[in-house]
Every structure is written in structure tokens, then in C-alpha cells.
Amino acid sequence: MKAVLFEKFQEAPKLVTVADPSPEPHGVVLRVRATGVCRSDWHGWMGHDSDIELPHVPGHELAGVVEAVGRDVVNWKVGDKVTVPFICGCGSCSECHAGQQQVCLHQEQPGFTHWGSFAEYVGIHQADLNLVALPESMDFATAASLGCRFATSFRAVIDQGKVSAGQWVAVHGCGGVGLSAVMIAAAAGANVIGVDLDPAKLALAKDLGAVAVINGGEADVPEAIREITRGGAHVSLDALGHPVTMTNSILCLRPRGKHVQVGLMLGEHAAPAVPMPKIVGQEIELLGSHGMQAHRYGAMLDMVASGKLDPARLVGEKISLADAPEALMNMNEFRSVGATVITRF
Ligand SMILES: [Zn+2]
Ligand SMILES: [Zn+2]
């Protein structure tokens, strides 16, 4: 099969031909029909993820069709149209038994712990636990963006932030995760404020339901949010993962507000300074959010089917597998509006 592979961190990945995968007894092999290019792939390529063994094929936001099924798999057959959470549970640990596969103690992540979907085929483990059936009506490019950014945002807003109608929600960083969060929080009935440095992304945030937007390059962000909300946001998300957006997100909250850290903070940003006096004095909650387990996809897909959520609007450029190395290396420059998705293999 064709695959995009890198042999050293920070060295240009190449389009090469490698052996086709075969399914694990509990797994499947999918023919990849679409796969998103995400900043997490860039982190992996930079060497920020200790799970990655070289040589490596990245790619974790995927949708495809079951091509081969392992002998122990009960629920899936060749030809099924599926996606998969980027964090796959093991099925045996206490967190998996509690239904919290997104924090599985032995989790696997295609494109990190094993080869991913920047390829014609990808192996997925523990298929009965981790695969998600896709509605016939959903196109593969849209479905690919569910696996990471959209699902991650759904959990961050609905399950972790517990956003409810009438609340003020601030979203710091309007990339793929942030724009998804704007749409989801607006659908939940919240008044959403989008923050970014890029006017094009702020315009899209408004289109997707933000009631106000703030250009972080031109304003004191926490001050501006406290003014708009008359006292601060109830829930605020750092959808980017940077010390500045994290700090702004905490400082823009009203007393007893919730900060949800969704954007990854790795490498030089792994241990940021946190404004603890506000957290203690105002009883601020700090919450992490990490993907979303397969059994919660149904709630999200039902909202897509009923038209309350429209992830197709977040798909940006569609590229070929041959374009993937350059797209991956440029991922830290935040050039793209909406998700870049590989749809030609
Ligand atoms: Zn991703
Ligand atoms: Zn587990």
C-alpha cells in the first residue's frame, strides 16, 4: 500500500510503498477513504509524543470501509462504513469497564502507538469496542473530522464543561477544535464568544453561531470577555493549547466557572504557569478533556442527523496523500481555515 512515512523526527515524511496490514484477531483493517491532518500529527512528527516508534506512519482522524476482519470480531463485517475515536480502549482495564475508554490505562492511538491512516489501509485494534458505524448519508471527509476534533469538542463542551442553555461560553482558539466547540456550545443553547488572531477564523466562528468574537491581537481578552458577559464566562475552553490562551481562558471566568483544557500542551509548553490565586479564591474548576469514547458518538451523530450540528461546514481543503507531507509540516503555522482532509489516495 501507499503510505506517508517518516524515519526521523522533524525530517520530511515521504510517500512510500509498504506491506499491506493484516487484522489482529480482535481487530479490523480499514480501507481509508478520508483522513484529517491535525496539529497532533505535527506534535508527533516533532518528537513530542513518547509513544511513537520509528519509522512511523501518522494519521488518526479517519473514516473508511472495513476491508478485513479478525477472527474474534463479532459486530463488524467487510463493507461496513465506520470511523473510530482517536483513543482506542483496550476493553480490559477498570476505565474501559467504567465506560471511560478515552482515559483507558492501556489505550492505543492509531497514528501514535501504531501506524495510522496516512495510508491506503490502517489496522484498528479491539474493533468491537472502538469502531463507530457511520450514517449512510455522511460523506467520508466530514466523518474523518469527527474522529478527533469534533468528537473531542463534543466531550469538552457537553460531557466535561456540562454547558447548558443561557450560559456564556468562551472559546480560545478557532482552529478545528475551537470552531467545533463554537458550533456545539451554540447548539446546546449557550452564548458563545470566539477568540482568535485571524479575522477569517473569527468570521467563520460568527457564521457557526458565536454571538461575539474578539481578536486576541487587538484586545485584553479576559477584560473584553468579562465586559461582554457582565462578570465572566461560565465555561471557557482553551482549544489551542498555549500558555497565553490557557491563562486568558482561566482569567475570563466568573467565580465558580469551569476551564476546560482541550488543546494539547506538550514540549516547551508542558508545564505552564497557572494563575492559582483565582482558582482558589473563586473556586474555579480546571478540567482536562481527551477525545471521546465510542459509545458517546451516538448522541453526537443524532444531533448531526437532526441538523443541529453540521460538521461538514468545518471541512476546509481536500488534498491527496501525496500532498500530506507538506500539509503536516506546515500544521504549526495555522494557515488553514477549517480542517484539511486527505481524500485522494
Ligand atoms: Zn487530531
Ligand atoms: Zn482499557
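Everything numeric in this text was worked out from a predicted model, so none of it was measured.

Novice: Even after reading the chapter, I still don't get the overall build of the protein chain, so can you show me in this structure?
Specialist: Per the secondary structure count, the protein chain includes eleven helices and 15 strands. Here the C-alpha radius of gyration of the protein chain, 19 Å, is about what a compact globule of 345 residues would show, namely 20 Å. Principal-axis analysis of the C-alpha atoms places the extent of the protein chain at approximately 60 × 40 × 35 Å. Summarising the internal contacts of the protein chain: among those between residues at least 6 apart in sequence, 71% fall at separations of at least 24. By element, 51% of the accessible surface of the protein chain is carried by carbon and sulfur atoms, the whole surface being about 14,000 Å². Between the centroid of the 26 positive side chains of the protein chain and the centroid of its 36 negative side chains there is a distance of 6 Å.

Novice: Would you mind showing me how to read the pattern of salt bridges here?
Specialist: Opposite charge on two side chains makes pairing possible when the charged atoms of those side chains draw close. Within this structure, the stated rule accounts for seven salt bridges. In this structure, R71 engages D72 in a salt bridge whose closest nitrogen and oxygen atoms are separated by 3.8 Å. What makes D72 partly exposed here is its relative accessible area of 47%. With its nearest N and O atoms 2.7 Å apart, the salt bridge here joins R296 to D159. In this pair, R296 sits in the loop between β13 (285-288) and α10 (297-305) while D159 sits in helix α4 (residues 140-160), placing the two residues 137 residues apart along the sequence. One network of salt bridges, in which partners are shared, links R155, D159 and R296.

Novice: In this structure, what is going on with the coordination of the zinc ion (ligand 2)? I would like to understand it.
Specialist: Six octahedral donors around a metal ideally sit at 90 or 180 degrees from one another, while four tetrahedral donors ideally sit at 109.5 degrees. Surrounding the zinc ion (ligand 2) are the protein donor atoms C90 (SG), C93 (SG), C96 (SG) and C104 (SG), which sit 2.3 to 2.4 Å from the metal. All donors of the zinc ion (ligand 2) belong to a single chain; written as a sequence motif, their spacing is C-x2-C-x2-C-x7-C. Taken as a pair, C93 in the loop between β5 (81-83) and α2 (94-97) and C104 in the loop between α2 and β6 (121-124) lie far apart in primary sequence, eleven residues in all. Both residues of the pair, C93 and C104, belong to the buried class.

Novice: Looking at this structure, how should I read the coordination of the zinc ion (ligand 1)?
Specialist: Protein-derived coordination of the zinc ion (ligand 1) comes from C38 (SG), H60 (NE2), E61 (OE) and C148 (SG), at a distance range of 2.0 to 2.3 Å. The coordination sphere of the zinc ion (ligand 1) comprises four donor atoms, whose angles at the metal cover 90 to 126°; the geometry is tetrahedral. Counting residues between consecutive donors of the zinc ion (ligand 1) along the chain gives the motif C-x21-H-E-x86-C. Taken together, the positions of C38 in the loop between β3 (28-37) and α1 (39-46) and E61 in strand β4 (residues 61-69) put the pair 23 residues apart, joining distant regions of the chain. As far as burial versus exposure is concerned, C38 and E61 are alike and both buried.

Novice: Looking at this structure, how should I read the sheet that holds strand β9 (residues 191-196)?
Specialist: Strand order across the open sheet formed by six strands is β10-β9-β8-β11-β12-β13, with parallel pairing between neighbours. Each having just a single partner strand, β10 (212-215) and β13 make up the two edges of the open sheet. For this sheet, the mean inter-axis angle between neighbouring strands, taken without regard to orientation, is 20°. The pairing of β9 with β10 spans four bridges and is classified as parallel. When the bridges of β10 are listed, D196 appears paired with N215. Its contacts with the sheet place α4 against β11 (233-238), β12 (253-261) and β13, and it is angled at close to 145° to β12. Helix α6 (residues 199-207) rests against β9 and β10 of the sheet, and its axis sits at about 170° to β10.

Novice: I keep staring at α4 and nothing clicks. Help me out?
Specialist: Taken as a whole, α4 carries its principal kink of about 60° at L146. Capping the start of α4 is the job of one residue whose side-chain oxygen sits 3.2 Å from the backbone nitrogen of A141: D139. K162 sits one or two residues past α4 and shows a positive phi near 50°.

Novice: Help me out: how do you make sense of the packing of aromatic side chains in this one?
Specialist: What describes a pair of aromatic rings is the distance from one ring centre to the other and the angle between the planes of the rings. Using the criterion set out here, one finds one aromatic pair in the structure. Pairing F6 with F9 gives two aromatic rings, centres 6.1 Å apart and planes at 55°, and the pair type is tilted. Residue classification places F6 among the buried positions, given a relative accessible area of 1%. Positioned above the aromatic ring of F140 is the side chain of K81, whose terminal nitrogen or guanidinium carbon lies 4.9 Å from the ring centre.

Novice: How should I be thinking about the pairing of β3 in this particular structure?
Specialist: Here is the key point about a regular strand: its side chains alternate between the two faces of the sheet. Within β3, eight of the ten residues are buried, leaving the element largely enclosed by the surrounding structure. Relative to β4, β3 is paired through eight bridges, and the arrangement is antiparallel. By the bridge assignment, G36 is partnered in β4 with E61. Pairing of β3 with β6, which is carried by four bridges, proceeds in the antiparallel orientation. Looking across to β6, one finds that L30 is bridged to V122.

About the criteria used
- Residues numbered from 1 in each chain as written.
- Chains lettered and ligands numbered in written order.
- Predicted model: local features only at pLDDT ≥ 70, side-chain atom pairs only at ≥ 80, totals over all residues.
- Heavy atoms only, no water.
- Helix = DSSP H or I, 4+ residues; strand = E, 2+ residues; numbered from the N terminus.
- Rg over C-alpha atoms; globule rule 2.2 N^0.38 Å.
- Contact = heavy atoms within 4.5 Å.
- Areas by Shrake-Rupley, 256 points an atom, 1.4 Å probe, with all protein chains shown as cover.
- Lys, Arg positive; Asp, Glu negative; His and termini not counted.
- Charge placed at Lys NZ, Arg CZ, Asp CG, Glu CD.
- Salt bridge = Lys/Arg side-chain N within 4 Å of Asp/Glu carboxyl O.
- Buried < 20%, exposed > 50% of the residue type's maximum accessible area, 1.4 Å probe, protein only.
- Donors = N, O, S within 2.8 Å, 3.2 Å for Na, K, Ca; no water.
- Tetrahedral: all angles 85-135°; square planar, octahedral: opposite > 155°, others 65-115°.
- Pairing = 2+ DSSP bridges.
- Axes fitted to C-alpha atoms, helices over the stretch in contact; angles between N-to-C directions.
- Bend = angle between axes of the 7 residues up to and from the residue.
- Polar contact = N/O pair within 3.5 Å; in protein donor to acceptor, adjacent residues only side chain to side chain.
- Phe/Tyr/Trp six-rings, centres within 6.5 Å; stacked < 30°, edge-to-face > 60°.
- Lys NZ or Arg CZ within 6 Å of the ring centre and 35° of its normal.

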